[in-house]
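Residue-level structural notes
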Amino acid sequence: MNEVISTILNHRSIRHFEDKPLSDDQIKTIVSCAQAASTSSFIQAYSIIGIKDRLKKKKLAELVGNQPYVENNGHFFIFCADLNRHHLIGIQEQKDVKASIESTEKFMVALIDAALAAQNAAIAAESLGLGICYIGGIRNNLEEVKKLLKTPERVIPLFGMTVGYPAKINDKKLRLPFEHIYHEEEYQQNNEIYMQQLKEYDDVISQYYEERTGGKRKDRWTEQMANMLEKQTRMYMKEFIQNNKMDIK
Ligand SMILES: Cc1cc2nc3c(=O)[nH]c(=O)nc-3n(C[C@H](O)[C@H](O)[C@H](O)COP(=O)(O)O)c2cc1C
């Protein structure tokens, strides 16, 4: 196994960091790796906002639902879908790009671009011996986050990423069985076999939590998913996105 593959397979989210900031060189390397990701039609429809300021991180840690590692880390990155620069390009080139940059398709393109860039950043950071944790919690309170980051229309903060020197490393979380995720030639699903396989995976995950929490938690994966999906969260999202002039048509 080569080093890239072993870095990828060794991933686990890190939520405790040493009090040691990333160097500007490290930040530059991580962002350059993000930028090296493929990008749909060369559109480069994302931006990354890095937060060093302690007070801003503290405020963000509250806004994301009191997650202390958003304050205590080596650096906090926020990945945004960004079609603002394409709006400006339209003005400069005197072309009517409005309908296109307000379409669901271009919103999806921007989301995909941002996610690909972020995962490149994550792997780059991990390859440097750093730990990362994505923070979707920034979508808990996007109006406040937008104000704090001064993001203009057509820029949607999607998720954050804490990066830093790991102070505590969790066990790896086992993923779904290969055959749940990978289908060959066509989508294949035998519900009976599938439900049996899910039960086996449930036992593995339940045991993982039991060991990790000293018996305090032993929920099954399906139980965890059903409980999570039963709650309607961030239902304001479509309105927020449309108010910011994306995904209107
Ligand atoms: C887009 C995204 C948002 C996430 N948001 C949060 C978050 O707000 N807080 C957190 O502690 N973990 C967050 N995570 C981390 C996931 O909980 C974690 O990746 C998952 O449980 C699998 O665990 P692992 O990364 O350790 O393998 C997020 C992950 C992704 C991809």
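Let me sum up the structure you'll find in this document. Given the structure is predicted, the values throughout are model-derived calculations rather than measurements. (Residues numbered from 1 in each chain as written. Predicted model: local features only at pLDDT ≥ 70, side-chain atom pairs only at ≥ 80, totals over all residues. Heavy atoms only, no water.)

1. Describing the overall build of the chain
A count of helices and strands for the chain gives 11 helices and four strands. Taken over the C-alpha trace, the chain has a radius of gyration of 20 Å; the compact-globule value for 249 residues is 18 Å, and the two agree within 12%. Each principal axis of the C-alpha atoms in the chain carries an extent, and together these give about 60 × 45 × 40 Å. Counting the 249 residues in the chain, one finds 38% classified as buried. Counting only contacts in the chain whose residues sit at least 6 apart along the sequence, the fraction spanning at least 24 positions is 79%. Accessible area for the chain stands at about 15100 Å²; split by element, carbon and sulfur atoms hold 52% of it. When the 34 positive and 34 negative side-chain charges of the chain are each reduced to one mean point, those points stand 7 Å apart. (Helix = DSSP H or I, 4+ residues; strand = E, 2+ residues; numbered from the N terminus. Rg over C-alpha atoms; globule rule 2.2 N^0.38 Å. Buried < 20%, exposed > 50% of the residue type's maximum accessible area, 1.4 Å probe, protein only. Contact = heavy atoms within 4.5 Å. Areas by Shrake-Rupley, 256 points an atom, 1.4 Å probe, with all protein chains shown as cover. Lys, Arg positive; Asp, Glu negative; His and termini not counted. Charge placed at Lys NZ, Arg CZ, Asp CG, Glu CD.)

2. Some words on the side chain of T162
With respect to the secondary-structure elements, T162 resides in strand 4 (residues 155-164). Setting aside residues up to four positions removed in sequence, T162 forms contacts with I14, F17, Y69, V70, N73, H75, F76, G131, I132, C133 and I135.

3. Here's the deal with the pairing of strand 3 (residues 131-135)
Of all five residues in strand 3, four are buried, a share of seventy percent or more. Bridge count for strand 3 against strand 4 is five bridges, and the pairing is antiparallel. In the strand pairing of strand 4, I135 is matched with G160. (Pairing = 2+ DSSP bridges.)

4. Topic: the packing of aromatic side chains
For the coordinates displayed, the defined rule picks out six aromatic pairs. Ring-pair connections join several aromatic residues into one group, and the members of that group are F79, Y134 and F159. Of note, K20 hangs over the ring of Y165, and the distance from its end group to the ring centre comes to 4.2 Å. Here the guanidinium or amino end of R217 rests over the ring plane of Y209, the centre of that ring lying 3.8 Å away. (Phe/Tyr/Trp six-rings, centres within 6.5 Å; stacked < 30°, edge-to-face > 60°. Lys NZ or Arg CZ within 6 Å of the ring centre and 35° of its normal.)

5. Considerations on the packing of helix 3 (residues 54-63) against helix 7 (residues 142-149)
Direction vectors running N to C along helix 3 and helix 7 enclose 170°, while the axes themselves pass 10 Å from each other. The angle between the axes of helix 3 and helix 7 places the two elements in the roughly antiparallel class. Judged by residue contacts, K56, K59, L60 and L63 of helix 3 engage E144, V145 and L148 from helix 7. (Axes fitted to C-alpha atoms, helices over the stretch in contact; angles between N-to-C directions. Parallel < 35°, antiparallel > 145°, perpendicular 65-115°, else oblique.)

6. Digging into unusual backbone geometry
At S41, a position not held by glycine, the phi torsion is positive, near 50°. Mapped onto the elements, S41 comes out in the loop between helix 2 (24-35) and strand 1 (46-51). By relative accessible area, which is 75% here, S41 ends up exposed.

7. Some points on helix 4 (residues 84-93)
Buried within helix 4 are the following residues: N84, H86 and G90. Residues of helix 4 that are buried make contact with strand 2 (75-82), helix 5 (98-101) and strand 4.

8. Some remarks on a nonpolar patch on the surface
On the surface, M1, V4, I5, I8 and L9 cluster together into a nonpolar patch covering about 510 Å² of accessible area. Within the element layout of this structure, L9 appears in helix 1 (residues 3-9). Residue classification places L9 among the partly exposed residues on the basis of a relative accessible area of 46%. (Patch = residues over 30% accessible without salt bridge, like charges linked within 9 Å, V, L, I, M, F, W, Y side chains within 5 Å. Salt bridge = Lys/Arg side-chain N within 4 Å of Asp/Glu carboxyl O.)

9. As for the packing of helix 2 against helix 6 (residues 104-127)
The interhelical angle for the contact between helix 2 and helix 6, taken along N-to-C directions, is 140°, at an axis separation of 7 Å. If you check the angle between helix 2 and helix 6, you find them oblique. Crossing handedness for the pair helix 2 and helix 6: right-handed. When helix 2 is examined against helix 6, the residues I30, C33 and A34 are found in contact with a partner set consisting of A117, N120, A121, A124 and A125. Classifying every residue of the contact of helix 2 with helix 6 gives seven nonpolar, one polar and no charged. (Left-handed = near helix turned anticlockwise from the far one by under 90°. Nonpolar A, V, L, I, M, F, W, Y, C, P; charged D, E, K, R; others polar.)

10. So, a positive patch on the surface
Together, K168, K172, K173, R175 and R212 line one region of the surface with positive charge. In this structure, R212 sits in helix 9 (residues 191-212). The exposure class assigned to R212 is partly exposed, which follows from its relative accessible area of 33%.

11. Description of the site of the ligand
In the vicinity of the ligand there are 13 residues, among which H11, S13, Q67, Y69 and K173 approach most closely. At 2.7 Å, a side-chain N or O of Y69 approaches an oxygen atom of the ligand. Take Y134: an N or O atom from its main chain is 3.2 Å from a nitrogen atom of the ligand. Within the complex, the protein chains bury 68% of what would otherwise be the 620 Å² of accessible surface of the ligand. Tallied by class, the residues present in the shell around the ligand amount to four nonpolar, five polar and four charged. (Near = heavy atom within 4 Å. Polar contact = N/O pair within 3.5 Å; in protein donor to acceptor, adjacent residues only side chain to side chain.)

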